[in-house]
Number of protein chains: 2
Amino acid sequence: MPALLGSHLSRTLRAFQIYGANTNVGKTIFSTILAKASRRHFPAETVFYLKPVSTGAPEDADDGHVARFTDADAAVRAECLLQYRDPVSPHLVAVEPPSDESLLATIRQRIATYGCRTTTPSTLLLETAGGVHSPTLSGTSQADLYRPLRLPVLLVADPRLGGISASISAFESLHMRGYDVEGVLLFGDAYYRNDGYLGEYFAKRGIRTVVLPPPPERVVGGVERDREAMREYYETQCADEGVRDMLVELESRHARRIDKLATMADEAVSTIWYPFTQHQHLTADAITAIDSAHGDFFQTYNNTNTRAANEKNKGDDVVLRPTFDGSGSWWTQGLGHANPELTLAAAYAAGRYGHVMFANAIHEPGLELAKTLLGSLSGGRLSRVFYSDNGSTGCEVAVKMGLRASRARYAWDHTQREAGVIGLKGSYHGDTIGVMDCAEPGVYNSEVEWYRGRGHWFDFPKVGMKKGRWIIEVPEEMRDDLGQDVAMESLADIFDLQPRANSELGKKYQRYILKTLERLTQAEGRRFGALIIEPLVLGAGGMLFSDPLFQHTLVATVRANPTLFSPAPTTAAPDATSWSGLPVIFDEVFTGMYRLGRLSAASFLQAEADISVHAKLLTGGLLPLCATLASESVFGAFLGDEKKDALLHGHSYTAHAVGCSVARESVRALVRMDERGEWEAAKRDWRREKGEARKGEAEVWSVWRRGFVERVSFVADVDSVWALGSVLAVNLRAGDKAGYSSNAAQGFLQEMGSRASREWNVHARALGNVVYIMASQTTGVKTIEVMQEEIVKALGA
Amino acid sequence: MPALLGSHLSRTLRAFQIYGANTNVGKTIFSTILAKASRRHFPAETVFYLKPVSTGAPEDADDGHVARFTDADAAVRAECLLQYRDPVSPHLVAVEPPSDESLLATIRQRIATYGCRTTTPSTLLLETAGGVHSPTLSGTSQADLYRPLRLPVLLVADPRLGGISASISAFESLHMRGYDVEGVLLFGDAYYRNDGYLGEYFAKRGIRTVVLPPPPERVVGGVERDREAMREYYETQCADEGVRDMLVELESRHARRIDKLATMADEAVSTIWYPFTQHQHLTADAITAIDSAHGDFFQTYNNTNTRAANEKNKGDDVVLRPTFDGSGSWWTQGLGHANPELTLAAAYAAGRYGHVMFANAIHEPGLELAKTLLGSLSGGRLSRVFYSDNGSTGCEVAVKMGLRASRARYAWDHTQREAGVIGLKGSYHGDTIGVMDCAEPGVYNSEVEWYRGRGHWFDFPKVGMKKGRWIIEVPEEMRDDLGQDVAMESLADIFDLQPRANSELGKKYQRYILKTLERLTQAEGRRFGALIIEPLVLGAGGMLFSDPLFQHTLVATVRANPTLFSPAPTTAAPDATSWSGLPVIFDEVFTGMYRLGRLSAASFLQAEADISVHAKLLTGGLLPLCATLASESVFGAFLGDEKKDALLHGHSYTAHAVGCSVARESVRALVRMDERGEWEAAKRDWRREKGEARKGEAEVWSVWRRGFVERVSFVADVDSVWALGSVLAVNLRAGDKAGYSSNAAQGFLQEMGSRASREWNVHARALGNVVYIMASQTTGVKTIEVMQEEIVKALGA
């Protein structure tokens, strides 16, 4: 049985969706012709006709029409799932309409049944009702409702006056939802001649058009004569050469699509140079061919999986399997794949501007996004937005900003002695060499010829749940200063920073940090120009959940002790929004935009950065854009009479309108979800006392259930686990081979990625012995629950 | 008079375009209601009604209808420009249809006339024919034809069965072309109730819907009674509160739009941190607010310019002026702003995939683009494609590739002694610190704290036309070795590399390069890991047109002398596609994709790179994407058993589907233009002997006319000039202040950017004393000709 979330593609059953450019353009008549012609040209094949929802008198029902005029041919099976009498838009007729999910599930079950009924090739014609955007029972547009199936489309165009426009707009609505329109059919009209114009329009796009004469006009009261005339009409049309050619082409497109999916991985292995990938032993088997994506799911072709699936489900020949996007498309995904609102936002900006140069210019999406970001992210410090293309370039900008601000205030000569950064062990800010230098030396970056770590990196206490208890784990080498691991009552307690700051541990943190900074700057005489951290969680370094109090204390200590960094600052911090000690950079590329459950991860630290960097989820998971925000005191360091004093950084597509427009829509959508309480159930689950939030308390929560996390924490192979926002991170006990290439993690991922018995696979990645599953901000509760069960199973619990 | 290319926005004349979701939905009736209601609610105002093209019997013509039912109110002026009898799609009726340009020009003239006729506020209703995509006389879709005007849209929705779908699809077609739909109107229908569904749909998008009862049915033969009934109907409807509220809202939207345009620059100056900009003296006057863009033109609001325009054209109150995008939107633009095909390609990919993670995965746009690039750019060497987000990151990748390949072959210990690059003076590869290090030290990068130039940079002979002659200018300090400047017969002769290589100058180049490399590596003992150059033209360094022979010889010399770089290479170059000496990197980010007239600028050098980098025009000027191509021998250096040996680089949005899809469409469109000979006239102009191309000869040409370039070369203030592809670069004689902030250049740009007498302004930038104007690959001959005249004037010739 195809999975509930699958887009349909099977080897034997060629399925097409019949969409109409308008109502009453002849969808059922063309379906009948196609059914009959299919039987004629492929006599060994069965044709299935399915009309999910039909309105109108039962005696006129479309399935009946198809059955009647295929002359009770046993190899043509027509059915309708839901029949309503009134010929109005379906959303108005249903007293108790089935939900979109259940309608789609029913359709999928029917398709599966058809697939099982025959082992020889067959065709399915799935006819929609009305036009492409006609609402279905729930009110959802058909084009959106049926999108997860993503069947190839046969579009019945409109031959009437105005029909050119209707047909092209319908095509555009389908195309922008990622449908492949594979054929166009319409009745000829000698007067309006839409077929000529449309034929040319679609030919340019590689789409064949078939034009047939319209059916004979009905005779009033002459049912039998009507039927006879229609029969004659059908006999003639189903022999039409154009129809035959289209059927042949559709068959070959179907075969080519499958061939392509089967060969893509091979071609990729010999053509693509993959990011972060050792190609030495890379084979096509390890490459997932993605046919499309929707919501949280890829539709994937995978030799191995499909073979396994085929063996298990004999007679089934499903080519695509749904695969949960468990890395949140490399940490960017928030609002679901193929989100029509983001597509529209992108298309609008492309259609209004394309890309327009940004230096010395301003456009609405760039300005409005800047205002939105400052308005929602700044607590008073941040006042400027600098745009670049991704987190790495945005952090390069941040580092340039921070170092210059220090140099300007402390009046250093950087050509004599270079300033480094203060950071945390395991930090990562991108792959361009400047920000690679902000990460401590290690086995990987040492292989990059020009890498040179410039700074000092603190180790830090990490948070995780172990056997049902939240533990703050103190690294071995810090125990002399900080003492042993600490158990906390609840996750929320860990974020009670004010009382904790005055606790014994808080004071130890402060003493330790101050002592270390004094040693570095005074005893060792080192110079530092910025503090750069990923607030709360260090992602690429291995999903390291820092004790927020440690980061809070680090920021506070740096700010409270400016003399550490320059014995005699030439310029004092002029006001409360100015940086003090060192400019503090928060790299929120991974942690921000609700990834960890809040708009800004800075709020977990109760500290605002002087410079903060935002990317990935900023565009909801559609395309690259980065915004580096800075305070006026940082900005001021670049003012001068000479151009050379300015921040001479900029990419050609800086503030590209498409990215800004999508980002603005994404940020708004995320904030709206929060304001509407869409995560309320999850939040409630994570509250100290189940129930209402404490007044004024910013919450700590996750879409992963609290009970599930506790359960995982007891699994034998699990060292610790945590969940925040949409991220679940499981630290597996590494056997002999810890680190990046942990076997335990690979075993888990393989288990998640290939079990054919499951309804879907999971495409995820590990970081050493840490496996993480990242949902989007819109993942449904049901999906989470099923995932949780599967994760527990895959962990071998 | 508004310029020919202008989008319309004036202070007093509120213009709206009436689009229909289908034909026969009541556009004219709603126009009449709006006209009458407008007169009632704004009694001091005039209403203009314009139907550019009307089909049907003259007695039923829409302008007549409006005139009749506004009761000869002198303040309602209705007209139709073209009237055709048959009620069919306009493209079928015209015997000799006017071109799109002339139709649009006529409409603009009418609008200008209306603007002049009244100094009090007034309204224009410009009614389209049929549906949004109904073809106009030439066959162009109306939505595309009228797009340059970008009037706010009032969409008349379809109340009939299927009308929900038709209305939403029509909206999507308009929205993706960058139209602002500001109101929706439709007739109520108690049975189908589309108004409820659509009202909610549009309300979610901030668009008000007005629902009115349909007009009375016509009585057969009862013309007078019909008219009476219609009169009554109109009297009632024009008093409707919903209509009044919509009119009030439209007026306030109009005012807000202008306010926004007027304040955007101010807001930008206090919010945005601009790339490459010294903010110290930056005022709002220097910021261009861009309302939209189409083809080669921005539609811009500019205080100063508009003020000047207003003074010159008394009584006119045009808010937007067309401005030629003279920096080709920072060197990215190739296929025109708001190109519908690129928008569709972007929207399709967004709708099919969103962004899907690329590590261990493959999708069609990513694979197909890789194959397209390798197929069209590789001469046998390049075999792998690595994706990143922009030219800077792509060059970081290239440098990592090159350095590692050298280290692997020469078995260096890079931690002991670092390898630099060999490059050219004035080179630029991006703003991330790693590739900044590939450019020689200078006044600007020295201000970046972590910059450290790592390499050697050759000066080189430069090409330009001086007083009608093509000169190869030898830098002062190279004259001892290379001799004096050389005059060449023609631009084409400069590219005759084979004969030139054997000339005296060719041999001098070779000796000079070899001698220098020997000194660096042997006498000075320096280590180099890659040669990195921008083939032919060094863009950001000041549009430096290198003698192609010099670059050709540099590549050849490096390749022919591997022992220079390592006395005893541990691995010999295994075959003809392997790199030799040093991996050669061509940074084609600026020079490639037909910017200089050829798909690859490498072909000018008759040399193929081992690594080449492509961005900017790669996506036709829509959004950021970069492809770094590499040879198998470079790729091989990263193979090993350990992950750490791999190229550990990757951005989250690597190979994002939207970018790959747009890039594939762009590359195809550019190659198609070339194959179809769309630049043939320009090519012919630049041939040695006017006429046919020499067989097998790759051509050197520009969209700028040869005679014009010659003319410019004689201008007193011009030192030299060149044109290649779509780029024109004029080297002005620098007075006292040469370099980045040249006054001469600023004067020229100001002249181009602000002359109110011209039909359009030019938004361009200078590099020191070099001014350049960059057209797109689709700029029309007429535009070029006008620009040429304006350039000559602005140069003061």
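If you're wondering where the values come from, they're calculated on a predicted model, not measured in any experiment.

(A) Representation of helix α1 (residues 27–41) of chain A in the model. Its 15 residues place the ends of α1(A) 21 Å apart at the C-alpha level, agreeing with the 21 Å of an ideal helix rising 1.5 Å per residue. Taken across its 15 residues, α1(A) has 13 buried, putting it largely inside the fold.

(B) Representation of the sheet that holds strand β8 (residues 288–294) of chain B within the structure. The strand order across the open sheet built from five strands is β11(A)-β8(B)-β9(B)-β10(B)-β26(B), with neighbouring strands paired in mixed fashion. Each edge of the sheet is formed by a strand with only one pairing partner; in this case those strands are β11 (361–363) of chain A together with β26 (761–763) of chain B. On average, adjacent strands in this sheet sit at an angle of 45° to one another, irrespective of strand direction.

(C) Representation of the domain arrangement of chain A within the structure. Entries for chain A in the domain assignment read domain 1 (13–214 + 226–257), domain 2 (288–325 + 677–685 + 698–797) and domain 3 (340–674). For domain 1 of chain A versus domain 3 of chain A, the distance between C-alpha centres works out to 54 Å.

(D) Representation of helix α26 (residues 743–754) of chain A within the structure. Residue and element names in this part refer to chain A. For α26, spanning twelve residues, the distance from its first C-alpha to its last is 16 Å, which sits close to the expected 16 Å at 1.5 Å a residue. Within the span of α26, buried status applies to Ala744, Ala745, Phe748, Met752 and Gly753. End-on, the buried residues of α26 take up no more than an arc of 160°, which puts them together on one face. Contacts made by the buried residues of α26 are with β25 (727–732), β26 (761–763), β27 (766–767), β28 (770–774) and α27 (781–794).

(E) A look at the packing of α1(A) against helix α2 (residues 62–69) of chain A. Residue and element names in this part refer to chain A. Remark: α1 packs on α2, axes separated minimally by 10 Å, with the N-to-C direction vectors making an angle of 35°. Between α1 and α2 the crossing geometry is right-handed. Seen from α1, the contacting residues are Thr28, Ser31, Thr32 and Ala35; seen from α2, they are Asp62, His65, Val66 and Phe69. Tallied by class, the residues present in the contact of α1 with α2 amount to three nonpolar, four polar and one charged.

(F) Examining the relation of the copies chain A and chain B more closely. In screw terms, the move from chain A to chain B is a rotation of 180° and a rise of 0.0 Å along the axis, fitting with an RMSD of 0.1 Å. The superposition operator between the copies reduces to a two-fold rotation axis. A shared interface surface links the copies, since 100% of the contact residues of chain A are contact residues in chain B too.

(G) View of the pairing of strand β10 (residues 321–325) of chain B. Residue and element names in this part refer to chain B. Here β10 lies mainly inside the structure; five of its five residues are buried. Here four bridges tie strand β9 (residues 297–301) to β10, and the two strands are oriented antiparallel to one another. Across the sheet, the residue bridging to threonine 300 is arginine 321, located in β10. In this structure, β10 lies alongside β26, joined through three bridges in parallel fashion. Looking at β26, one finds that aspartate 325 is bridged to histidine 763.

(H) Summary view of the sheet that holds strand β10 (residues 321–325) of chain A. The mixed open sheet is built from five strands, whose spatial order is β26(A)-β10(A)-β9(A)-β8(A)-β11(B). Two strands close off the open sheet at either side, each with one partner strand: β26 of chain A together with β11 (361–363) of chain B. Sheet twist, expressed as the mean angle between neighbouring strand axes with direction ignored, is 45°. Summarising the sheet, strand β8 (residues 288–294) of chain A and β11(B) pair through three bridges and their orientation is parallel. Opposite A:Ala289, over in β11(B), you have B:Ile362 as the bridge partner.

(I) Spotlight on the interface of chain A and chain B. Taken together, the contact between chain A and chain B spans 141 residues of the former and 143 residues of the latter. The residue makeup of the side of chain A that touches chain B, split by class, is 68 nonpolar, 50 polar and 23 charged.

(J) How the structure looks around the environment of A:Glu790. Residue and element names in this part refer to chain A. You can see glutamate 790 is positioned in helix α27. In the structure, glutamate 790 is positioned 606 residues away from valine 184 in sequence and 43 Å away in space, judged by C-alpha atoms. Apart from residues no more than four positions distant in its own chain, glutamate 790 is found in contact with Met752 and Arg758.

(K) Main features of unusual backbone geometry. The backbone of A:Met593 sits at a positive phi, close to 55°, despite the residue not being glycine. Following the sequence through the fold, A:Met593 ends up in the loop between β21 (584–587) and α21 (602–605). Backbone geometry at B:Trp330 places phi at a positive 55°, although glycine is not the residue there. With respect to the element layout, B:Trp330 can be found in helix α10 (residues 328–331).

(L) A look at the packing of helix α11 (residues 340–352) of chain B against helix α22 (residues 657–675) of chain B. Residues and elements named next belong to chain B. Here α11 crosses α22 at 150°, and the two axes come no closer than 8 Å. Our classification of the angle between α11 and α22 gives roughly antiparallel. α22 is crossed by α11, and the crossing has right-handed handedness. When α11 is examined against α22, the residues Glu341, Leu342, Ala345, Ala346, Tyr348, Ala349 and Ala350 are found in contact with a partner set consisting of Ala657, Val658, Ser661, Val662, Glu665, Ser666 and Ala669. Among the residues forming the contact of α11 with α22, the class breakdown is ten nonpolar, two polar and two charged.

(M) The environment of A:Ile585, seen in detail. All names here are of chain A. Structurally, isoleucine 585 is set in strand β21. A residue is classified by how many C-beta atoms lie within 10 Å of it, and isoleucine 585, with 29 of them, is buried. Distance from isoleucine 585 to threonine 628, taken between C-alpha atoms, is 9.8 Å for residues 43 residues apart in sequence.

(N) Structural view of the pairing of strand β14 (residues 455–458) of chain B. All names here are of chain B. Alternating residues of β14 divide into Gly455 and Trp457 and His456 and Phe458, and every residue in both groups is buried. Where strand β13 (residues 420–424) and β14 come together, four bridges link them in parallel fashion. Across the sheet, isoleucine 422 pairs through a bridge with histidine 456, a residue of β14.

(O) Summary view of the nonpolar core. Ranked by size, the top nonpolar core spans 367 residues in total, and within it A:Ala346, A:Leu531 and B:Ala346 carry the most contacts. Judged by nonpolar contacts, the second largest core, of 134 residues, contains A:Ala170, A:Tyr201, B:Ala21 and B:Leu250.

The rules behind these values
- Residues numbered from 1 in each chain as written.
- Chains lettered and ligands numbered in written order.
- Predicted model: local features only at pLDDT ≥ 70, side-chain atom pairs only at ≥ 80, totals over all residues.
- Helix = DSSP H or I, 4+ residues; strand = E, 2+ residues; numbered from the N terminus.
- Expected span 1.5 Å × (residues − 1).
- Buried ≥ 20, exposed ≤ 12 C-beta atoms within 10 Å, placed from the backbone.
- Pairing = 2+ DSSP bridges.
- Axes fitted to C-alpha atoms, helices over the stretch in contact; angles between N-to-C directions.
- Domains from an automatic or database assignment.
- Arc of directions from axis to C-beta.
- Contact = placed C-beta atoms within 7 Å.
- Left-handed = near helix turned anticlockwise from the far one by under 90°.
- Nonpolar A, V, L, I, M, F, W, Y, C, P; charged D, E, K, R; others polar.
- Least-squares fit on C-alpha atoms with pLDDT ≥ 70 in both.
- Parallel < 35°, antiparallel > 145°, perpendicular 65-115°, else oblique.
- Core = buried A, V, L, I, M, F, W, Y, C linked by C-beta atoms within 7 Å.

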